[in-house]
Amino acid sequence: MGKDYYEILGVPRDASPDEIKKKYRELVMKYHPDLHKNDPEAAKRMAEINEAYEVLSNPEKRAQYDRFGAVGAQGGGRGGFDFRDFGFGGGGDFFDLDDLLRNFGFGGFGFTENRRSTRRESEAPTRGEDIEFPITITFAEAILGTKKEITLSRKEVCPTCHGSGVEPGSGYVTCPTCHGTGILKKVQRTIFGDFITQTTCPTCHGTGRIPKQKCHTCGGSGVVTETKTIEVKIPAGVDTGMRVRIKGQGHAGLHGGPRGDLYLKITVLPDSRFERVGDKLYYTAHITFPEAVLGTKINVPLVEGGYETLRIPPGTQNGAEFHIRGRGAYMVGSRRRGDLVVKIQVDIPTNPSQEEVLLIEKLKEIYDSKKTQ
Ligand SMILES: [Zn+2]
Ligand SMILES: [Zn+2]
């Protein structure tokens, strides 16, 4: 006598066709080579299961086997496997698990399609999340651009399991919650007929398998949170409220997916000397009445430090504006720098000395005589 097919499938000798089918399905879920990619034993086991099912699912072959302990001339091999039982047109070494499920009668409810997509989502490389990091910089840094070292808490790929969440060397087992299907199915009987709803299995997140032992470093998540110090470049011209994107410096992705991005949320400290409007910087220069009348030279501070000397011509009016070219602000992404606009404010003395009063009275006399002429 050859192999005991009943023992291989784990069913009693008087098992009904339904029982055999059910048991076979369970075994497929457990031993399908898709679930044990690196385990040649699983493939061998699966072949044996297929062989047993091929015989026991066919009433004629089963009767023959029960009587003679073998079927036909051959004791094994998958040559005679009747794929038509499942609606297959043919078969490779192993048929697709999803196709198999469909042919066990789940096809009509979008089961297979849903299952495929949950599987893809959960095992596919997933991009890491973005990080938003608030950062405060000085006025000059905002105008001219800067580099900053920032320290942030960030998810990194686990160094122990390299992101798989599995303790090295432990492998996977079929998920006990969903028995490897990746979904939980609920049949609701309604007056319109049976209605099947399904959800992604919360235990295995749709993968149908769970680590035999979770990685001791990351607890199975595949990522660990680390404190990192990185240097970031803030371009010239940023302003309060802007978000600067630093590509690929966010959280680590899952299953080999790319990192998310880091967004720096900018706050710019004010500078009491300057006011920014677009690419222009405004600076108010205070001069005296005689300076306005006679002309003068003033030192205008620059945002990058130092001064630039500006000539104020005779007869300059209050509120007059002078442009110092290319000493204003950059706009983000532009190499052109705007102007520094110097606004003239002629100060009127509020507390003049006696000497000043005498001189101004003298000046007034001259003005008055001009008026009456
Ligand atoms: Zn790990
Ligand atoms: Zn599961």
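Everything numeric in this text was worked out from a predicted model, so none of it was measured.

Q: How should the sheet that holds strand 11 (residues 280-288) be read in this particular structure?
A: Sheet strands pair by backbone hydrogen bonding; their relative direction is either parallel or antiparallel. Taking strand neighbours across the sheet as the criterion, the 4 strands line up as 10-11-15-14 in an open arrangement whose pairing is mixed. The open sheet has two free edges, formed respectively by strand 10 (275-277) and strand 14 (321-324), since each of these has just one partner strand. Put simply, the sheet's adjacent strands are angled 35° from each other on average, direction ignored. By the bridge criterion, 8 bridges tie strand 11 to strand 15 (residues 340-347) in an arrangement that is parallel. Looking at strand 15, one finds that Tyr283 is bridged to Val342.

Q: Honestly, the coordination of the zinc ion (ligand 2) in this entry has me stumped. Any pointers?
A: Reference geometry at the metal: tetrahedral coordination by four donors gives ideal angles of 109.5 degrees; octahedral coordination by six donors gives 90 or 180 degrees. For the zinc ion (ligand 2), the full set of protein donor atoms is Cys175 (SG), Cys178 (SG), Cys201 (SG) and Cys204 (SG), at a range of 2.2 to 2.3 Å. Each of the 4 donor atoms around the zinc ion (ligand 2) contributes to a set of angles spanning 104 to 116°, which defines the coordination as tetrahedral. Positions of the donor residues of the zinc ion (ligand 2) along the chain correspond to the pattern C-x2-C-x22-C-x2-C. Here Cys175 and Cys178 have matching classes, each one buried.

Q: Please explain the environment of Asp130 as it appears in this structure.
A: Mapped onto the elements of the fold, Asp130 is located in the loop between helix 6 (111-123) and strand 1 (131-137). For Asp130, a relative accessible area of 37% corresponds to the partly exposed category. In this structure the C-alpha to C-alpha distance between Asp130 and Arg259, which are 129 residues apart in sequence, comes to 8.1 Å. Excluding residues within four positions of it along the chain, Asp130 makes contact with His251, Gly260, Asp261 and Tyr263.

Q: Can you help me understand the coordination of the zinc ion (ligand 1) in this one?
A: Taken together, Cys158 (SG), Cys161 (SG), Cys215 (SG) and Cys218 (SG) make up the protein donors of the zinc ion (ligand 1), found 2.3 Å from the metal. Viewed at the metal, the 4 donor atoms of the zinc ion (ligand 1) are separated by angles of 105 to 115°, and the geometry they form is tetrahedral.

Q: Before we go on, may I ask you to explain the packing of aromatic side chains in this structure?
A: Each aromatic ring pair is described using two quantities: the centre-to-centre distance and the angle formed by the ring planes. Counted by the stated rule, this structure contains 5 aromatic pairs. Here the aromatic rings of Tyr24 and Tyr53 are separated by 3.8 Å at their centres, their planes lie at 5°, and the arrangement is stacked. Separated by 29 residues along the polypeptide, Tyr24 in helix 2 (residues 17-31) and Tyr53 in helix 3 (residues 40-56) bring together distant segments of the chain. Directly above the aromatic system of Tyr263 lies the positively charged group of Arg243, at a separation of 4.3 Å from the ring centroid.

Q: Please explain the packing of helix 3 against helix 4 (residues 59-68) as it appears in this structure.
A: Axis angle and axis distance: for two packed helices, these are the angle between their axes and the distance between the axes, and together they describe the pair. The contact between helix 3 and helix 4 brings their axes to 6 Å, and the two run at 100°. Relative to helix 4, the element helix 3 lies roughly perpendicular. Every residue of helix 4 that contacts helix 3 at Glu54, Val55 and Leu56 is listed here: Lys61, Arg62 and Tyr65. A breakdown of the residues in the contact of helix 3 with helix 4 according to their chemical character gives 3 nonpolar, no polar and 3 charged.

Q: Before we go on, may I ask you to explain a nonpolar patch on the surface in this structure?
A: Together, Phe289, Val293, Leu294, Ile366 and Tyr367 make up an exposed nonpolar region whose accessible area comes to about 470 Å². The set of elements that each furnish at least two residues to the nonpolar patch consists of helix 8 (289-294) and helix 9 (354-372). In terms of residues, the nonpolar patch owes the most to one element, helix 8, which gives 3 residues.

Q: Explain the pairing of strand 14 to me, please; I cannot follow it from the model alone.
A: Remark: a regular strand shows side chains that alternate across the two faces of the sheet. Taking every second residue as pointing to the same face, the buried face of strand 14 carries Phe322 and Ile324, while none of Glu321 and His323 on the other face is buried. Here strand 14 pairs with strand 15 via 4 bridges, running antiparallel. By the bridge assignment for strand 15, Glu321 is matched with Lys343.

Q: Explanation requested: helix 9 in the structure shown.
A: Since there are 3.6 residues in each turn of an α-helix, residues three or four apart along the chain are aligned in direction. The end-to-end C-alpha distance of helix 9, which contains 19 residues, comes to 27 Å, matching closely the 27 Å that a straight helix rising 1.5 Å per residue would cover. Sparse coverage of helix 9 is indicated by the burial of 0 of its 19 residues.

Q: Would you mind going over the pattern of salt bridges with me for this structure?
A: Using the criterion set out here, one finds 21 salt bridges in the structure. The closest approach of N and O atoms between Arg127 and Asp130, which form a salt bridge, is 2.9 Å. Its salt-bridge partner being Lys148, residue Glu141 comes within 3.0 Å of it at the nearest N-O pair. Its relative accessible area of 23% is what places Lys148 among the partly exposed residues. Connected through shared salt-bridge partners, Arg127, Asp130, Arg245 and Asp261 make up one network.

Q: Help me understand the nonpolar core, please; the structure alone is not making it clear to me.
A: Side chains of a nonpolar character, in soluble globular proteins, are inclined to be buried together. Residues Ile150, Leu262, Leu264, Ile266 and Val342 are the most contacted members of the largest nonpolar core, which totals 38 residues. The contact partners of Leu264, leaving out residues within four places of it in the chain, are Phe133, Ile135, Ile150, Val232, Ile234, Met242, Arg243, Val244 and Ile246.

Q: Honestly, helix 4 in this entry has me stumped. Any pointers?
A: Listing the buried residues of helix 4 in full gives Lys61, Arg62 and Tyr65. Around the axis of helix 4, the buried residues are gathered within 100° of arc, so they sit on the same side. Turned more than 90 degrees away from the buried face of helix 4 sit Pro59, Glu60, Arg67 and Phe68, all of them exposed. Buried residues along helix 4 sit against helix 1 (5-9), helix 2 and helix 3. Regarding helix 4, its N-cap is Asn58, as a side-chain oxygen of that residue lies 3.0 Å from the backbone nitrogen of Glu60 further along. Count one or two residues on from helix 4 and you reach Gly69, which has phi positive near 75°.

How each quantity is defined
Residues numbered from 1 in each chain as written. Chains lettered and ligands numbered in written order. Predicted model: local features only at pLDDT ≥ 70, side-chain atom pairs only at ≥ 80, totals over all residues. Heavy atoms only, no water. Pairing = 2+ DSSP bridges. Helix = DSSP H or I, 4+ residues; strand = E, 2+ residues; numbered from the N terminus. Axes fitted to C-alpha atoms, helices over the stretch in contact; angles between N-to-C directions. Donors = N, O, S within 2.8 Å, 3.2 Å for Na, K, Ca; no water. Tetrahedral: all angles 85-135°; square planar, octahedral: opposite > 155°, others 65-115°. Buried < 20%, exposed > 50% of the residue type's maximum accessible area, 1.4 Å probe, protein only. Contact = heavy atoms within 4.5 Å. Phe/Tyr/Trp six-rings, centres within 6.5 Å; stacked < 30°, edge-to-face > 60°. Lys NZ or Arg CZ within 6 Å of the ring centre and 35° of its normal. Parallel < 35°, antiparallel > 145°, perpendicular 65-115°, else oblique. Nonpolar A, V, L, I, M, F, W, Y, C, P; charged D, E, K, R; others polar. Patch = residues over 30% accessible without salt bridge, like charges linked within 9 Å, V, L, I, M, F, W, Y side chains within 5 Å. Areas by Shrake-Rupley, 256 points an atom, 1.4 Å probe, with all protein chains shown as cover. Salt bridge = Lys/Arg side-chain N within 4 Å of Asp/Glu carboxyl O. Expected span 1.5 Å × (residues − 1). Core = buried A, V, L, I, M, F, W, Y, C linked by side-chain atoms within 4.5 Å. Arc of directions from axis to C-beta. Polar contact = N/O pair within 3.5 Å; in protein donor to acceptor, adjacent residues only side chain to side chain.

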